[in-house]
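One-letter residues, chain by chain:
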Amino acid sequence: MKPIVMTLAAQTAAILRGEILSGEIRPGAVLLPAEISKRLGMSQAPVREGLQYLVAQGLVEEKPNKSAVVATMGGNELI
């Protein structure tokens, strides 16, 4: 059986998704690629790509001049 390999972007998205869903990162929080890349020890390119995955999933919203912001979600949206 082959091991499952995740790209850095997918790893970033998975980490941030877990932190958002657990409440560690609150709705409305600004997600800055420079800060996230420093915290995770990777370059900003996969972090930006990971944020785009979360935008596509509706967990993060793109805001002008704020990079990305954690979306406000209701109970039905979390399911």
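Right above here is the structure, for reference.
Engineer: How do you make sense of the pairing of strand E3 (residues 67–70) when you look at a structure like this?
Structural biologist: Both faces of the sheet carry side chains from a regular strand, because those side chains alternate between them. With two bridges connecting them, strand E1 (residues 30–31) and E3 associate as antiparallel partners. Within E3, the residue paired with leucine 31 across the bridge is alanine 68.

Engineer: Got a minute to help me understand the side chain of serine 37 in this structure?
Structural biologist: Mapped onto the elements of the fold, serine 37 is located in helix H2 (residues 33–40). Among the polar contacts listed, one links the side chain of serine 37 to the backbone oxygen of alanine 34, at a separation of 3.0 Å. In this view, serine 37 contacts Met42, Ser43, Gln44 and Val47; residues no more than four positions away in its chain are not counted.

Engineer: Would you mind showing me how to read the nonpolar core here?
Structural biologist: For soluble globular proteins, the rule of thumb is that nonpolar side chains tend to be buried together. In terms of nonpolar packing, the biggest core is built from 14 residues, with Leu31, Leu51, Leu54 and Val60 touching the most fellow members. Within the residue set of this core, elements represented by two or more residues are helix H1 (8–22), helix H3 (44–56) and E3. Once residues within four sequence positions are removed from consideration, leucine 31 is found in contact with Ile25, Ile36, Leu51, Val60, Ser67, Ala68 and Val70.

Engineer: It is not clear to me how the pattern of salt bridges should be interpreted in this structure. Could you clarify?
Structural biologist: Pairing of side chains with opposite charge becomes possible as their charged atoms draw close. Evaluated as defined, the whole model comprises two salt bridges. Glutamate 19 is the salt-bridge partner of arginine 39, the closest N and O atoms lying 2.9 Å from each other. Taken together, the positions of arginine 39 in helix H2 and glutamate 19 in helix H1 put the pair 20 residues apart, joining distant regions of the chain. Residue arginine 39 is classed as partly exposed on the basis of its relative accessible area of 46%. Residue glutamate 61 is joined to lysine 63 by a salt bridge in which the shortest nitrogen-to-oxygen separation is 3.4 Å. A residue is classified by how much of its surface remains accessible, and glutamate 61, at 35% relative accessible area, is partly exposed.

What counts, and at which threshold
- Residues numbered from 1 in each chain as written.
- Predicted model: local features only at pLDDT ≥ 70, side-chain atom pairs only at ≥ 80, totals over all residues.
- Heavy atoms only, no water.
- Pairing = 2+ DSSP bridges.
- Helix = DSSP H or I, 4+ residues; strand = E, 2+ residues; numbered from the N terminus.
- Polar contact = N/O pair within 3.5 Å; in protein donor to acceptor, adjacent residues only side chain to side chain.
- Contact = heavy atoms within 4.5 Å.
- Core = buried A, V, L, I, M, F, W, Y, C linked by side-chain atoms within 4.5 Å.
- Buried < 20%, exposed > 50% of the residue type's maximum accessible area, 1.4 Å probe, protein only.
- Salt bridge = Lys/Arg side-chain N within 4 Å of Asp/Glu carboxyl O.

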